Amino acid sequence: MTAPTGGGYRVKCPACSSPMRIKDSKEQTPTFKTMYAQCTNMACSHSIIGSLSWDFALVPSGIDSPRVVLPVAPSAQRKQAQRDSRPTTNQLDLLDQEATA
């Protein structure tokens, strides 16, 4: 999967790198889903099955009784997720610069 694109995630076909379409998905548990996908390249038409799992919380749920409580991700993972979610820019971030200095 690649970065969010306004309408969700883009998945590329492992065989030809064309976009894939998620045809169906089935929730196995609140943190694990099985997904069925097909390549949009008619010449390829690769069909695959895969899975999506939620492993850690970056920020715990704010509701009183969440359906599931995931362990909080390690600090390094949370910081990396913050960096990955920033818009791409050539502007240096003051806090990143301070941490590497």
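Residues numbered from 1 in each chain as written. Predicted model: local features only at pLDDT ≥ 70, side-chain atom pairs only at ≥ 80, totals over all residues. Heavy atoms only, no water.

Asker: Got a sec to walk through the overall build of the chain? Specific residues and values, please.
Answerer: Per the secondary structure count, the chain includes two helices and three strands. When the helices and strands of the chain are placed in sequence order, the string is β-β-β-α-α. Going through the 101 residues of the chain one by one, you find that 10% of them count as buried. A separation of at least 24 residues holds for 17% of the contacts in the chain among residues at least 6 apart in sequence. Carbon and sulfur atoms make up 53% of the accessible area of the chain, which amounts to about 8300 Å² in all. (Helix = DSSP H or I, 4+ residues; strand = E, 2+ residues; numbered from the N terminus. Buried < 20%, exposed > 50% of the residue type's maximum accessible area, 1.4 Å probe, protein only. Contact = heavy atoms within 4.5 Å. Areas by Shrake-Rupley, 256 points an atom, 1.4 Å probe, with all protein chains shown as cover.)

Asker: I'd like a description of unusual backbone geometry, backed by residues and values.
Answerer: Of note, the phi angle at Ser17 is positive, near 70°, even though the residue is not glycine. Along the chain, Ser17 turns up in the segment before strand S1 (20-29). Its identity as a non-glycine residue notwithstanding, Ser45 has a phi of 55°, on the positive side. Tracing the chain through its elements places Ser45 in the loop between strand S2 (32-39) and strand S3 (47-53).

Asker: How would you explain the nonpolar core if you had to name every residue and give the values?
Answerer: Counting residues in hydrophobic clusters, the biggest one holds five residues: Val11, Cys13, Met20, Ala37 and Cys39. Setting aside anything within four residues of it in sequence, one finds Cys39 in contact with Cys13, Cys16, Ser18, Pro19, Met20, Cys44, Ser45 and His46. (Core = buried A, V, L, I, M, F, W, Y, C linked by side-chain atoms within 4.5 Å.)

Asker: Break down the confidence of the model for the chain for me, citing the residues and quoting the values.
Answerer: Per-residue pLDDT for the chain has a mean of 83; in total, 81% of the residues score no lower than 70. Helix H2 (residues 94-100) is the least confidently modelled element of the chain, averaging 57 in pLDDT, while S2 averages 95, the highest of any element. (pLDDT = per-residue confidence, 0-100.)

Asker: Any details on the side chain of Thr34? Residues and values, ideally.
Answerer: The topology assignment puts Thr34 in strand S2. Take Thr34: its relative accessible area is 11%, and that puts it in the buried class. There is a polar contact of 3.2 Å between the side chain of Thr34 and the side chain of Gln28. If we ignore the near neighbours within four places in the chain, the residues touching Thr34 are Asp24, Ser25, Lys26, Gln28, Ile49, Gly50 and Ser51. (Polar contact = N/O pair within 3.5 Å; in protein donor to acceptor, adjacent residues only side chain to side chain.)

Asker: Which residues make up the pattern of salt bridges, and what are the values?
Answerer: When the charged atoms of two side chains with opposite charge come close together, those side chains can pair. This structure, assessed with the given rule, holds two salt bridges. Between Glu27 and Arg67 there is a salt bridge, with the nearest N and O atoms lying 2.9 Å from each other. Taken together, the residues span a long stretch of sequence, with Glu27 in strand S1 and Arg67 in the loop between S3 and helix H1 (75-85) at a distance of 40 residues. The two residues Glu27 and Arg67 agree in class, both being exposed. (Salt bridge = Lys/Arg side-chain N within 4 Å of Asp/Glu carboxyl O.)

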